[in-house]
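Summary of the model geometry
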Amino acid sequence: MTKHHDEEDEDRSPILEPTDRHILGLLEKDGRMSWTELGHQTGLSTSAAQQRVKRLEAKGIITGYHAALNLEAIGAGITAFIFLNPIDPEEDETIPGILQTFPEVRGCHSIAGAASYLARVQAPSTSHLDQLLTRIRKECHCGTETVVVLETMFDDLGMLGTR
């Protein structure tokens, strides 16, 4: 029997059980939570909590664990968002690969609107940011428009945990 494209495979269903959603919310808040604490907070045994997490990892729902860095403390306290518009549309698809080589670039998104891409960068100073913009325009063959962040009230809120 052939599946239709709109029928979801059970393992790929975007609908999550309440316990799995609870686990994801807890791990979003504290990715280093012990199996014991995770089990305690979800009403599962330690091994059941571990098995659930392993299953969520295997399904690709949990894609990794990361450390949150104090960017000012590591010399990258200036956050900026750069809109990139290619000069030659033929080179549009090369921009993400080039941006990936810049250590200051933290993210790149293909966007709808006047620009083709939106990049998030971290720099140690505005003069460094100015030099970075020059290098990006030159190497990516694009025009840029930049927004510098003055203060971050919040960032990267969890999708499933409490706020």
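Being a predicted model, the structure only gives us computed values, none of them experimental. (Residues numbered from 1 in each chain as written. Predicted model: local features only at pLDDT ≥ 70, side-chain atom pairs only at ≥ 80, totals over all residues. Heavy atoms only, no water.)

Our next topic: the nonpolar core. Ranked by internal contacts, the top residues of the largest apolar core, which has 17 residues, are L84, I95, L99, V121, L129 and I136. Going through the elements one at a time, strand 1 (78–86), helix 4 (95–99), strand 3 (117–123) and helix 5 (126–140) are the ones with two or more residues in this core. If one sorts the elements of this core by residue count, helix 5 sits on top with five residues. Among the nonpolar cores identified, the runner-up in size contains eleven residues, and L16, A49, V53 and L56 belong to it. (Core = buried A, V, L, I, M, F, W, Y, C linked by side-chain atoms within 4.5 Å. Buried < 20%, exposed > 50% of the residue type's maximum accessible area, 1.4 Å probe, protein only. Helix = DSSP H or I, 4+ residues; strand = E, 2+ residues; numbered from the N terminus.)

Taken as a whole and assessed by the stated rule, the structure comprises zero disulfides. Cysteine C140 is unpaired, with the sulfur of C142 as its nearest cysteine sulfur at 4.9 Å. Taking relative accessible area as the criterion, C140 reaches 0% and is therefore assigned buried. (Disulfide = S-S within 2.5 Å.)

Next up on the list: the pattern of salt bridges. Enumeration over the complete set of coordinates arrives at five salt bridges. Note that R55 and D20 form a salt bridge whose closest N and O atoms lie 2.7 Å from each other. You can see R55 sitting in helix 3 (residues 46–58) and its partner D20 sitting in helix 1 (residues 18–29), a full 35 residues away along the chain. Exposure remark for R55: the relative accessible area of 32% places this residue in the partly exposed category. Judged by its relative accessible area of 3%, D20 falls in the buried class. E104 is the salt-bridge partner of R135, the closest N and O atoms lying 3.6 Å from each other. Here R135, found in helix 5, pairs with E104, found in the loop between helix 4 and strand 2 (105–110); they are 31 residues apart in sequence, far enough to count as distant. Relative accessible area serves as the criterion here: at 31%, R135 is assigned to the partly exposed category. Each of E17, D20, R52 and R55 takes part in salt bridges that share partners, so that together they form one network. (Salt bridge = Lys/Arg side-chain N within 4 Å of Asp/Glu carboxyl O.)

Right, let's get into the side chain of T79. Relative to the elements of secondary structure, T79 occurs in strand 1. Relative accessible area serves as the criterion here: at 15%, T79 is assigned to the buried category. Among the polar contacts listed, one links the side chain of T79 to the side chain of Q122, at a separation of 3.0 Å. Apart from the residues within four sequence positions on either side, T79 is in contact with R120, V121, Q122, V147, V148 and V149. (Polar contact = N/O pair within 3.5 Å; in protein donor to acceptor, adjacent residues only side chain to side chain. Contact = heavy atoms within 4.5 Å.)

Our next topic: the domain arrangement of the chain. Once the domains are mapped, the chain shows domain 1 (18–59) and domain 2 (71–148). Each of domain 1 and domain 2 was reduced to a C-alpha centroid, and the two centroids are 37 Å apart. (Domains from an automatic or database assignment.)

Attention now goes to the sheet that holds strand 1. Pairing is antiparallel in the open sheet, where four strands are placed in the order 2-3-1-4. The strands lining the two open edges of the sheet, one partner per strand, are strand 2 and strand 4 (142–148). Neighbour-to-neighbour, the strand axes of this sheet turn through a mean angle of 20°, independent of strand direction. Helix-sheet contacts for helix 5 involve strand 1, strand 3 and strand 4, and the interaxial angle to strand 4 is about 155°. (Pairing = 2+ DSSP bridges. Axes fitted to C-alpha atoms, helices over the stretch in contact; angles between N-to-C directions.)

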